[in-house]
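Examination of the molecular architecture
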2 protein chains.
Amino acid sequence: MVQYSTELDQAFAAVSDPTRRGILERLGRGDASISDLAADFQMTLTGIKKHVQVLEGAGLVTTQKVGRVRTCRVGPRRLADEATWIGKYQEMLDARLNRLEAFLERTKGKPS
Amino acid sequence: MVQYSTELDQAFAAVSDPTRRGILERLGRGDASISDLAADFQMTLTGIKKHVQVLEGAGLVTTQKVGRVRTCRVGPRRLADEATWIGKYQEMLDARLNRLEAFLERTKGKPS
């Protein structure tokens, strides 16, 4: 398991906030401007911009400014490394629980 | 997709730190005391305790104090909801990219 990774840090931190997860889900249905998002989430433009910047920093949202409108699109990162990390964590946890179970079985079987 | 979830918030935030991911990986190899972890990660007891508290709050680590020694064990949470959320994000992203691609194909096919 890769322990140190700025990308993992940023991506996990980005999706640890319910509004940011909501923004990703909203953008999954279609591109949206900062104003659209502010209206949808009943937040100030400044508040939404901050969340979008965090998502953009993590590669989960791409923005493009045309004139005065900044449009947000989901992607390009697929959270593939994050999914892999969680999968490895689960394998490790299962292996650990199996070892503990085997140990308890052996201990139980011994005459006291 | 479930947008609001304190459990998702806490778990994603917990694994967004490289030391905390390292602690989980270390505990996957076997239980460890706070002092063991402090030695392994070359951190102060206070620093390690804070990280362990975050992991414990997210249900990723269980601790038990016997005498003066607090032993840490990985689990019980498997990050199952987090894996599901990422899976749904990936499906959504793929569907969005497919729709964009189809739109571009249609646009390209039209006479200008």
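Our subject is the structure listed above.
Small disclaimer: the values here were computed from a predicted structure and weren't measured.

Right, let's talk about the packing of aromatic side chains for a bit. Residues and elements named next belong to chain A. A complete count under the given rule lists 5 aromatic pairs over all chains for this structure. On the numbers, 5.8 Å between centres and 10 degrees between planes, the contact of Trp85 with Tyr89 is stacked. Linking Trp85 with Tyr89, this pair stays in helix H5 (residues 80-109), spanning 4 residues, or about one helical turn. We classify Tyr89 as buried; its relative accessible area is 0%.

Our next topic: the interface of chain B and chain A. Think of interface size as the accessible area that goes away when the parts come together; that is how it is often given. Contact with chain B, which involves 44 residues of that partner, is made by 44 residues of chain A. Carbon and sulfur atoms make up 60% of the area that chain B and chain A hide from each other, which totals about 3600 Å². The interface formed by chain B and chain A includes 6 salt bridges. Of the charged contacts in the structure, one is a salt bridge between A:Arg78 and B:Asp94, with a shortest N-O distance of 2.8 Å. Applying the counting criterion to the chain B and chain A interface returns 16 residue pairs in polar contact (both at pLDDT 80 or more). Listed by contribution, the elements that provide at least two residues to the side of chain B that touches chain A are helix H1 (6-14), helix H2 (18-28), strand E3 (69-74) and helix H5 (80-109) of chain B.

Here the focus is the sheet that holds strand E1 (residues 32-33) of chain B. Residue and element names in this part refer to chain B. With antiparallel pairing, 3 strands are arranged side by side in an open sheet as E1-E3-E2. Of all the strands in the sheet, just E1 and strand E2 (61-66) have a single pairing partner and so form its edges. Examined bridge by bridge, E2 and E3 share 6 bridges and lie antiparallel to one another. Bridged to Gln64 within E3 is Thr71. Its contacts with the sheet put helix H4 (residues 45-57) on E2 and E3, and the angle it makes with E2 is roughly 120 degrees.

Rules used throughout
The residue count restarts for each chain, going from 1 along the sequence in the order it is written. Throughout, the order in which chains and ligands are written sets their labels, letters from A for the former and numbers from 1 for the latter. A pLDDT threshold of at least 70 governs which residues receive local features in this predicted model, and a stricter bar of 80 or more applies before side-chain atom pairs are shown or counted, although totals over entire chains, interfaces and linings include all residues. Where side-chain values are given, they derive from all heavy atoms of the structure, hydrogens and water being excluded. Pairs were defined over the aromatic rings of Phe, Tyr and Trp, the Trp ring being its six-membered one, requiring ring centres within 6.5 Å. Orientation was assigned from the angle between planes: stacked under 30 degrees, edge-to-face over 60, tilted for the rest. The secondary structure listing takes helices from DSSP runs of H or I that are at least 4 residues long and strands from runs of E that are at least 2 residues long, numbered from the N terminus. Residue exposure (1.4 Å probe, protein chains only): buried if accessible area is under 20% of the type maximum, exposed if over 50%, otherwise partly exposed. Contacts between residues were defined by any pair of non-hydrogen atoms, one from each residue, lying within 4.5 Å. When two parts are brought into contact, each loses some accessible area as probed by a 1.4 Å sphere; the total of that loss over both is the buried area. Basic side-chain nitrogens of Lys or Arg form a salt bridge, by our definition, when they fall within 4 Å of a carboxyl oxygen of Asp or Glu. We call two N or O atoms a polar contact when they sit within 3.5 Å, provided that within protein one can donate a hydrogen and the other can accept it, with sequence-adjacent residues counted only if both atoms are side-chain atoms. Two strands pair if DSSP finds at least two bridges between them. Every axis in this analysis is a line fitted to C-alpha atoms, fitted for helices over the stretch in contact. Angles between the N-to-C directions lie between 0 and 180 degrees.

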